[in-house]
Amino acid sequence: MTSTAFLQYCLTGISIGGIYALIAIGYTMVYGILRLINFAHGDIFMMAAYFMIFAMVDFALPWYVSIVIVLAATILLGVVIEKVAYKPLRSSPRMSIMISAIGVSYLLQNLATYLFSALPKGYPKIDFLMKTITIGGISTSVVTFITPILTLVFVFLLLQLINHTKIGMAMRAVSKDFETSQLMGIKINRVISFTFVIGCFLAGVGSILYFTPRPSVYPLVGSLPGLKCFIAAVFGGIGSIPGAMLGGFVIGLSETFIKAAGYSEFSDVFTFILLIVVLLFKPTGLFGEKITEKV
């Protein structure tokens, strides 16, 4: 493998890893607040792709208007799901809310199948993101180049928000002790809704970056990326934003180099092997904290 090819694969791997990281952050933030694995997160990512098809294909809106509509619709979908499917079960056993999340996932998949059919639909081309740029001897698209940059920027801004703002302080308090935070006057519903807003915004951004170089969308397309992003969150330590980012980059790079070596059929298998290894040797992930259960 030449140095140019190696750098090309690195850029591709970091790019797909950046998308995984954005979606994994949604998993890790919801878990940090509610101790809930939001299994519907990958399907929200899928619905964002259909929102883009509606905006650019059915209504012929320009890409910059469509992106705003897609992000707003994705956020609205996530908040509605939280209010309807999760909020009523907040005081129920954790298994109940997890089953509800699985039910929402299947609901979104079947709703997409009913509304759009199971046949793949072409994803609209965003010409700006598909332009080819050359850096040194490496040729790549704008979307591949800017994805890791956007990921790092969003993670930096998110960490600043969590560590240096009032709502961020409330989110940290709720993640430490839900009941005590409520007794201290923190508006729990507002904090949880804001968490879903951030997670769904990042899922919407990840959806645009993920599908732009891909030809089509179908109702089950969010399942495998959703699982990979969940594994990325577990690998880094679910509840840790830097850990989710690192996990996304690791999986993206590993997947790319396995495919480059000619073992494409094993790229997905490796991701799940990685999950098993992490659970065996470090169940809390690289940056995860041990949680002491109160009795």
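Note that the structure is a prediction, hence the values are computed from the model and not measured.

Caption draft 1: Up close: the overall build of the protein. Helix and strand counts for the protein come out as twelve helices and four strands. Against the compact-globule benchmark of 19 Å for 295 residues, the protein has a radius of gyration of 19 Å, which places it among compact chains. Judged by the C-alpha coordinates and their principal axes, the protein covers about 60 × 45 × 35 Å. Here the protein holds 295 residues, and the buried ones make up 48% of them. When contacts within the protein are restricted to residue pairs at least 6 apart in sequence, those whose partners lie at least 24 apart make up 75%. Working note: accessible area of the protein is about 14,400 Å², and carbon and sulfur atoms make up 70% of it. The average position of the 19 basic charges and that of the 11 acidic charges among the side chains of the protein differ by 8 Å.

Caption draft 2: Local environment of the nonpolar core. Membership of the largest hydrophobic core comes to 84 residues, with the highest contact counts inside it found for Tyr-86 and Ile-208. When residues of this core are assigned to their parent elements, the largest contribution, 14 residues, is made by helix H1 (residues 3–34). Beyond its immediate sequence surroundings of up to four residues, Ile-208 is in contact with Met-52, Ile-67, Val-70, Leu-71, Tyr-123, Ile-126 and Leu-129.

Caption draft 3: Quick look at a nonpolar patch on the surface. Nonpolar side chains collect at one region of the surface, where Tyr-263, Phe-266, Val-269, Ile-273, Ile-276, Val-277, Leu-280 and Phe-281 lie side by side and expose about 840 Å² of accessible area between them. Structurally, Val-277 is set in helix H12 (residues 267–281). Residue classification places Val-277 among the partly exposed positions, given a relative accessible area of 37%.

Caption draft 4: Broad picture of the packing of helix H3 (residues 63–86) against helix H4 (residues 94–116). Axis separation between H3 and H4 bottoms out at 10 Å; the angle between their running directions is 135°. When the axes of H3 and H4 are compared, the pair comes out oblique. In the crossing of H3 with H4, the sense of the turn from one axis to the other is right-handed. Contacts between H3 and H4 involve Leu-77, Ile-81, Ala-85 and Tyr-86 from the first element and Ile-97, Ser-100, Ala-101, Val-104 and Leu-108 from the second. A class-by-class count of the residues in the contact of H3 with H4 yields eight nonpolar, one polar and no charged.

Caption draft 5: Focus on the environment of Ser-66. Here Ser-66 is to be found in helix H3. Dropping the residues within four chain positions of it, Ser-66 is found in contact with Met-52, Ala-55, Met-56 and Leu-61.

Caption draft 6: Quick look at the pairing of strand E2 (residues 132–135). One ladder, built from four bridges, connects E2 with strand E3 (residues 138–141); its direction is antiparallel. Bridging across to E3, Thr-134 finds its partner in Ser-139. What sits between E2 and E3 in their antiparallel hairpin is a turn of two residues, with Gly-136 showing a positive phi close to 65°.

Caption draft 7: Spatial organisation of unusual backbone geometry. Of note in this structure, Ala-60 is not a glycine but carries a positive phi near 55°. Since its relative accessible area comes to 61%, Ala-60 is described here as exposed. Phi angles above zero are rare outside glycine, and Ser-117 is one such case at about 75°. Residue placement: Ser-117 occurs in the loop between H4 and strand E1 (121–122).

Caption draft 8: Here's a closer look at the pattern of salt bridges. Across all of its chains, the model carries five salt bridges by this definition. The salt bridge partner of Arg-90 is Glu-82, with a shortest N-O separation of 2.4 Å. Residue Arg-90 is classed as partly exposed on the basis of its relative accessible area, which comes to 23%. Of the charged contacts, one joins Lys-259 and Glu-255 as a salt bridge, the two residues approaching to 3.8 Å between their closest N and O atoms. One end of the pair is Lys-259 and the other is Glu-255, both in helix H11 (residues 241–260) and four residues apart, which spans about a single turn. Of the residues examined, Lys-259 reaches a relative accessible area of 41% and is grouped as partly exposed. Through salt bridges with shared partners, a single network forms among Lys-228, Glu-255, Lys-259 and Asp-268.

Caption draft 9: Highlighting the packing of helix H10 (residues 223–236) against H11. Two elements in contact, H10 and H11, have axes whose closest approach is 7 Å; the angle formed by their N-to-C orientations is 125°. It follows that H10 is oblique to H11 by the angle criterion. Regarding H10 and H11, the two cross each other, and that crossing is right-handed. Packed against H10, whose contacting residues are Lys-228, Ile-231, Ala-232, Ala-233, Phe-235 and Gly-236, the element H11 presents Gly-243, Ala-244, Gly-247, Gly-248, Val-250, Ile-251 and Glu-255 at the interface. Across the contact of H10 with H11, the residue classes tally to seven nonpolar, four polar and two charged.

What counts and what doesn't
Residues numbered from 1 in each chain as written. Predicted model: local features only at pLDDT ≥ 70, side-chain atom pairs only at ≥ 80, totals over all residues. Heavy atoms only, no water. Helix = DSSP H or I, 4+ residues; strand = E, 2+ residues; numbered from the N terminus. Rg over C-alpha atoms; globule rule 2.2 N^0.38 Å. Buried < 20%, exposed > 50% of the residue type's maximum accessible area, 1.4 Å probe, protein only. Contact = heavy atoms within 4.5 Å. Areas by Shrake-Rupley, 256 points an atom, 1.4 Å probe, with all protein chains shown as cover. Lys, Arg positive; Asp, Glu negative; His and termini not counted. Charge placed at Lys NZ, Arg CZ, Asp CG, Glu CD. Core = buried A, V, L, I, M, F, W, Y, C linked by side-chain atoms within 4.5 Å. Patch = residues over 30% accessible without salt bridge, like charges linked within 9 Å, V, L, I, M, F, W, Y side chains within 5 Å. Salt bridge = Lys/Arg side-chain N within 4 Å of Asp/Glu carboxyl O. Axes fitted to C-alpha atoms, helices over the stretch in contact; angles between N-to-C directions. Parallel < 35°, antiparallel > 145°, perpendicular 65-115°, else oblique. Left-handed = near helix turned anticlockwise from the far one by under 90°. Nonpolar A, V, L, I, M, F, W, Y, C, P; charged D, E, K, R; others polar. Pairing = 2+ DSSP bridges.

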